[in-house]
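Analysis of the macromolecular model
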Amino acid sequence: MQRGEKYCRNHEMTEEDDIRAFRLGAIVAQNPTRFAEVKGLSTEEVDVFSREITKRWTQPWKLFLIIILCSVCAAVQGMDETVVNGAQIFYSKQFGIGDKESKRDSWLIGLVNSAPYLCCATIGCWLTSPLNHWFGRRGTVLLTCGISAAACFWQAFTNTWWHMFIARFVLGFGIGPKSATVPMYAAECAPPAIRGALVMQWQMWTAFGIMVGYAADLALYKVPDSSGIIGLNWRLMMGSAMLPAVVVCCFVWMCPESPRWYMSKGRHQKAFNSMCALRYNKVQAARDIFYMNTLLEAENESVILGQSKLKEIFTVPRNRRAFQASEIVMFMQQFCGVNVIAYYSSEIFLQANLSEISALAASLGFGLINFLFALPAVYTIDTFGRRNLLLTTFPLMSLCLFFTGFSFWIPSDSKAHIACIALGIYLFGMVYSPGEGPVPFTYSAEAYPLYIRGLGMSFATATTWFFNFLLSVTWPSLVAAFQPQGAFSWYAIWNLVGFLGVLFFVPETKGRTLEELDQVFSVRTRDHAAYGARQVPYFFKRYMFRQNIQPEQLYEQDKVEYHPNSFSTEKESDATARA
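Summary of the structure given here. (Residues numbered from 1 in each chain as written. Predicted model: local features only at pLDDT ≥ 70, side-chain atom pairs only at ≥ 80, totals over all residues. Heavy atoms only, no water.)

1. Here we look at the nonpolar core
One finds Tyr91, Trp234, Phe428, Tyr443, Trp475 and Tyr491 to be the most contacted residues of the largest nonpolar core, which totals 139 residues. Ranked by residues supplied to this core, first place goes to helix α23 (residues 453-505) with 18 residues. Setting aside residues no more than four positions away along its own chain, Trp475 makes contact with Val340, Tyr344, Ile348, Ala487, Phe488 and Tyr491. In terms of nonpolar packing, the next biggest core, distinct from the first, is built from 29 residues, Phe49, Trp261, Tyr262 and Leu296 among them. (Core = buried A, V, L, I, M, F, W, Y, C linked by side-chain atoms within 4.5 Å. Buried < 20%, exposed > 50% of the residue type's maximum accessible area, 1.4 Å probe, protein only. Helix = DSSP H or I, 4+ residues; strand = E, 2+ residues; numbered from the N terminus. Contact = heavy atoms within 4.5 Å.)

Structure (structure tokens):
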């Protein structure tokens, strides 16, 4: 109680309601599940704490407003990615790069399509940390959505392939920092019990934006050219992606800023005010602020004064393990092969002998499946867990891609030819959407400690966009060289590699506060790899031979073995001790 009052007075919060809130909040922070034993709480306050456990989805409307903001931002991202899918059928011919037999044209189509992701990987994502430092989470969202809207508008007025390349490259300045900032913003505002479900709204509504992009392609396909305008249909397709970005710009300032961002700037009063808007009462907000501050102080003890944040990502073992796990899931989000289908599904279906309009309709079917099958992850990401979702879906995605590629060997005059290709692509979407779709951005947004979270997300998003660029620019040539059978099999094999990477090197993060994850990443890599190896025989014994054995709990708080080299100091302090 005294520590809560001391914290309150040290940061010039002198109102009696605030002091009372921090006195009680500090006590509740010691053991959040025993709130009923705390004297001085009103009946209403006890009821709020109770509902955190029994009705975890009962939250203040401003928290859901942030999630709506993040969801519309994600829809911007999804539309940006897929309107090009249908538009390229038309502008490639208009720009003189539509010859399927020309290696030059194949590379130029890939280069134009992948231009935003080249910008993201080389420049855009690395602006995340400075932009967040200067403008905060909300300001960065506003700036990047403004850039996205302007770039989408610009794309509609291009007349050469290199002009389109430049416009799409500028689009990357909107996509890169936004893709890193929005998941962080959601993660920093959400309660631990539903953090995964709220942060994964990013990927779920990206899938929605992908579906809307396909729908826009199909709806605008037959728009005729107007007087003096050649290619009005594809121009409207490319420009339509600006609409959700404009919506975001209109209401972003209605949302409270991230409390954790305020605390990183030493603005504790503003952090408390922001948290009050995201929780039901002051005691609840004070508990989270006090607990957050206490753990951040412990976290700061592990920071070497004067050492660069970039260096600490690699020299501090806890940070290095978070980096390793984040990079694996971000790399595999691309090399699982999903964006081959997202960007080139129309071309794939055209290769399977569908008409242009039928190919666009089939692509819309993939977009719809991608969105609908992301919905179950709202529940499973915080119950089944991030790691288990990946371990379940990677082998299934591999099977789907093998099936899709091998289906191209079915004679083209057989109805089974297009039926099996479409089935394989749709099954892949069903498996991808609840697993490798939502997990990577959720995982990366929560893995890093606060003081390097912006830089860590820059690495994570730069990785996914660099390999997105690589996949986009090489797919046309890969298909030309190895045929669809070999191209799909290439990414099927990578899914098996991803399964092994997650099994050995990616810890589970569900159900913990962002600060408590220090404990999870304190487990040595060799210990976690051994734990992953032990899970293989456990799976066969439990699920194949139906033996009644209990799973090993590596991350239980009272069982985690700490090692002196897990943190960069030798102080005898538990970095995750509660207040």
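2. A closer look at a nonpolar patch on the surface
Taken together, the side chains of Val536, Phe539, Phe540, Tyr543, Met544 and Phe545 define a hydrophobic patch exposed on the protein surface, amounting to about 630 Å² of accessible area. With respect to the helices and strands, the residue Tyr543 is situated in helix α25 (residues 525-544). Judged by relative accessible area, which is 43%, Tyr543 ranks as partly exposed. (Patch = residues over 30% accessible without salt bridge, like charges linked within 9 Å, V, L, I, M, F, W, Y side chains within 5 Å. Areas by Shrake-Rupley, 256 points an atom, 1.4 Å probe, with all protein chains shown as cover. Salt bridge = Lys/Arg side-chain N within 4 Å of Asp/Glu carboxyl O.)

3. Details of the environment of Glu356
Along the chain, Glu356 turns up in helix α18 (residues 356-372). When the C-alpha atoms of Glu356 and Tyr221 are compared, they prove to be 9.1 Å apart, with 135 residues separating the residues in sequence.

4. Examining the pattern of salt bridges
As a working rule, side chains carrying opposite charge can pair if their charged atoms are close by. Tallying each qualifying case throughout the model produces 16 salt bridges. Here Asp527 ties to Arg524 by a salt bridge, and the two come within 3.0 Å at their closest N and O atoms. Classification of Asp527 by relative accessible area gives partly exposed; the value is 24%. The exposure class assigned to Arg524 is partly exposed, which follows from its relative accessible area of 22%. Several salt bridges converge on common partners, so that one network encompasses Arg137, Glu188 and Arg453.

5. A look at the packing of aromatic side chains
The description of two aromatic rings rests on the distance between their centres and on the angle between their planes. Within this structure, the stated rule accounts for 37 aromatic pairs. Here the aromatic rings of Phe90 and Tyr221 are separated by 5.4 Å at their centres, their planes lie at 55°, and the arrangement is tilted. Taken as a pair, Phe90 in helix α4 (residues 61-94) and Tyr221 in the loop between α9 (201-219) and α10 (232-239) lie far apart in primary sequence, 131 residues in all. Judged on exposure class, the residue Phe90 and its partner Tyr221 are both buried. Linked through ring pairs, Phe331, Phe335, Phe408, Phe466, Phe467, Trp475, Phe488, Trp490, Tyr491 and Trp494 together constitute an aromatic cluster. (Phe/Tyr/Trp six-rings, centres within 6.5 Å; stacked < 30°, edge-to-face > 60°.)

6. Re the state of the cysteines
Evaluation of the coordinates by the stated rule reveals zero disulfides. No disulfide involves Cys119; its sulfur sits 5.9 Å from that of Cys120, the nearest cysteine. Cysteine Cys249 is unpaired, with the sulfur of Cys145 as its nearest cysteine sulfur at 5.3 Å. (Disulfide = S-S within 2.5 Å.)

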